[in-house]
Amino acid sequence: FVIPDFQGFTKHIEEFYWKCKSNTEGKVAAYIPQLARMNPDYWGISVCTIDGQRFSIGDVNIPFTLQSCSKPLTYGIALDQLGSDTVHQYVGQEPSGRNFNELVLDYNKKPHNPMINAGAILVCTLLKTLVSPEMTLGEKFDFTTNYFKRLAGGEQLGFNNSVFLSERESADRNYALGFFMREYKCYPDKTNLRECMDFYFQCCSMEATCDTMAVISATLANGGICPITEEKVLKPESIRDVLSLMHSCGMYDYSGQFAFKVGLPAKSGVCGGILLVIPNVMGIFAWSPPLDPLGNSCRGLQFCEELVHVFNFHRYDNL
Ligand code: GLN
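Note that this is a predicted model, so its numbers are computed, not measured.

A.B. asks: Please clarify how the environment of Asn99 should be interpreted in this entry.
C.D. replies: Structurally, Asn99 can be placed in the loop between α4 (84-87) and α5 (117-129). On a C-alpha basis, the gap between Asn99 and Leu151 in space is 28 Å, while along the polypeptide they are 52 residues apart.

A.B. asks: Explain the nonpolar core here, please?
C.D. replies: Side chains of a nonpolar character, in soluble globular proteins, are inclined to be buried together. Ranked by size, the top nonpolar core spans 71 residues in total, and within it Phe64, Leu66, Met213 and Phe285 carry the most contacts. Leaving out residues up to four positions away in the same chain, Met213 has contacts with Phe64, Leu66, Cys69, Ala208, Leu275 and Phe285.

A.B. asks: How should I be thinking about the pattern of salt bridges in this particular structure?
C.D. replies: Oppositely charged side chains may form a pair once their charged atoms are brought near each other. Within this structure, the stated rule accounts for seven salt bridges. Among the ionic pairs, Lys19 bridges to Glu306, the shortest N-O distance being 3.2 Å. On the criterion of sequence distance, the pair formed by Lys19 in helix α1 (residues 6-21) and Glu306 in helix α13 (residues 298-310) is long-range, its members being 287 residues apart. Among the salt bridges present, the one from Asp198 reaches Arg194, with a minimum N-O distance of 3.5 Å. Of this pair, Asp198 and Arg194 both sit in helix α9 (residues 193-204), four residues apart, which is roughly one turn of that helix. One network of salt bridges, in which partners are shared, links Arg168, Arg194 and Asp198.

A.B. asks: When you look at the sheet that holds strand β8 (residues 282-287) in this model, what are you seeing that I'm missing?
C.D. replies: Paired through their backbone hydrogen bonds, the strands of a sheet run either parallel or antiparallel. What the five strands build is an open sheet, ordered β2-β1-β8-β7-β6; its pairing is antiparallel. What marks the edges here is a single partner per strand, and that holds for β2 (54-58) and β6 (266-268). Each adjacent strand pair in this sheet contributes to an overall mean axis angle of 10 degrees, direction not counted. Across five bridges, strand β1 (residues 44-49) lies against β2 in antiparallel orientation.

A.B. asks: How do you make sense of helix α8 (residues 172-183) when you look at a structure like this?
C.D. replies: Working note: α-helix, 3.6 residues per turn, so residues spaced by three or four point in the same direction. Between its first and last C-alpha atoms α8 spans 16 Å; for twelve residues at 1.5 Å apiece the expected length is 16 Å, and the two agree. Turning to α8, its buried residues number three or more, namely Asn174, Leu177, Gly178 and Met181. The buried residues of α8 occupy one face: seen down the axis, they fall within an arc of 100 degrees. Away from its buried face, by an angle of more than 90 degrees, α8 presents the exposed residues Asp172 and Glu183. Looking at the residues trailing α8, positive phi occurs at Lys185, about 55 degrees.

A.B. asks: Explain the site of the ligand here, please?
C.D. replies: Taken together, 13 residues form the shell around the ligand, and within it Gln67, Ser68, Glu167, Tyr200 and Tyr252 come nearest. For the ligand, an oxygen atom lies 3.1 Å from a polar atom in the side chain of Asn117. In the complex, the protein chains occlude 95% of the 300 Å² of accessible area that the ligand would expose alone. Looking at the shell around the ligand residue by residue, the class counts come to six nonpolar, five polar and two charged.

A.B. asks: So what exactly am I meant to see when it comes to the packing of aromatic side chains here?
C.D. replies: Given two aromatic rings, their pairing is described by the distance between the two centres and the angle made by the two planes. Applying the stated criterion across every chain yields a total of 17 aromatic pairs. Between Phe141 and Phe159, the ring centres sit 5.0 Å apart and the planes meet at 80 degrees, which makes this aromatic pair edge-to-face. Of this pair, Phe141 sits in helix α6 (residues 137-151) while Phe159 sits in strand β4 (residues 157-159), and the two are 18 residues apart along the sequence. Judged by its relative accessible area of 18%, Phe141 falls in the buried class. Each member of the aromatic cluster is reached from another via a ring pair, and the members are Phe6, Phe9, Phe311 and Phe313. Its end group placed over the ring of Tyr184, Lys109 keeps NZ or CZ at 5.3 Å from the ring centre.

A.B. asks: Help me understand empty space enclosed by the protein in this model?
C.D. replies: For the coordinates displayed, the defined rule picks out one cavity of 30 Å³ or more. Lining the largest cavity are Val28, Ala29, Leu35, Met38, Val270, Cys271 and Pro289. Of the residues belonging to the lining of the largest cavity, the class tally is seven nonpolar, no polar and no charged.

A.B. asks: Mind showing me how you'd approach α13 here?
C.D. replies: Its 13 residues place the ends of α13 19 Å apart at the C-alpha level, agreeing with the 18 Å of an ideal helix rising 1.5 Å per residue. Residues of α13 that are buried make contact with α1, β1, α12 (255-261), β7 (273-278) and β8. Structurally, the start of α13 carries an N-cap: the backbone nitrogen of Gly300 is 3.1 Å from a side-chain oxygen of Ser297.

Calculation criteria
Residues numbered from 1 in each chain as written. Predicted model: local features only at pLDDT ≥ 70, side-chain atom pairs only at ≥ 80, totals over all residues. Heavy atoms only, no water. Helix = DSSP H or I, 4+ residues; strand = E, 2+ residues; numbered from the N terminus. Core = buried A, V, L, I, M, F, W, Y, C linked by side-chain atoms within 4.5 Å. Buried < 20%, exposed > 50% of the residue type's maximum accessible area, 1.4 Å probe, protein only. Contact = heavy atoms within 4.5 Å. Salt bridge = Lys/Arg side-chain N within 4 Å of Asp/Glu carboxyl O. Pairing = 2+ DSSP bridges. Axes fitted to C-alpha atoms, helices over the stretch in contact; angles between N-to-C directions. Expected span 1.5 Å × (residues − 1). Arc of directions from axis to C-beta. Near = heavy atom within 4 Å. Polar contact = N/O pair within 3.5 Å; in protein donor to acceptor, adjacent residues only side chain to side chain. Areas by Shrake-Rupley, 256 points an atom, 1.4 Å probe, with all protein chains shown as cover. Nonpolar A, V, L, I, M, F, W, Y, C, P; charged D, E, K, R; others polar. Phe/Tyr/Trp six-rings, centres within 6.5 Å; stacked < 30°, edge-to-face > 60°. Lys NZ or Arg CZ within 6 Å of the ring centre and 35° of its normal. 1 Å grid on protein atoms, 1.4 Å probe; cavity = no way out; pocket = protein on both sides within 12 Å on 5 of 7 lines; lining within 4 Å. Points joined across faces, edges and corners; volume = space filled by probe spheres on them.

Written out as structure tokens, the structure is:
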């Protein structure tokens, strides 16, 4: 086993759980009613090692929409299907140093990276327009959901239609980003922007639980092979790129500080989730809706910091 004393390890996770539970800072995202209604007390942590040992505590079976936690997944699928060179003709690898939905492109007039909204919208146009372009919107939705499910080892993964409809209705900024990039000819030829925006909102509206997301995280930690089913879902070279950009760009405008303090690839979303990957060891998902001013889950962030305080998981521990 990769964690020989798993029981002992889970005792610590439990301890961190209770410690973070008393943290009542932050505000639940309120830009759509479905998120605003989320109970701020929800708090769950799920762990899945690369050899399939599992542990979870708290609200780990309540479905929530993935929101930006879907961005590393769609990016991974695009890499696997198109190769890194093609994907990065369209999107950069640099942290933006700005808000996740800021109306800004890099000095090449490309979106900075695939982990922020502009980059993720761009990745959706690549998946829609360049990967099997003959697929209809419905087929492309199934194709993508199917990938997410395989990453999750077949565990519970759904779609929340009311979140999708609300996202689409209150998406002025995302449309602004979409048109801004069209003005700068960021997209492949033949891109249908309206369809691609819908596809982006659909990816944000995929729904899963903390337990399911920990399996996805473990698949990333395991080089693209799902530890539950042993299926090879994504290529190791795609995972390498995904983890690299999660490390430098995954935590919004806190990414640099997170890389310094925690030293692990992670991706957060406005749902209050943090997908945390300990490469070659385990995947963790922490979920609690209240967010700090930068958009990261308050309890989730505290948990990540507690974890590396006790365990040597930081990339530059053990030198
Ligand atoms: N649906 C959200 C948006 O596009 C996702 C952003 C996020 O999770 N930070 O604005």
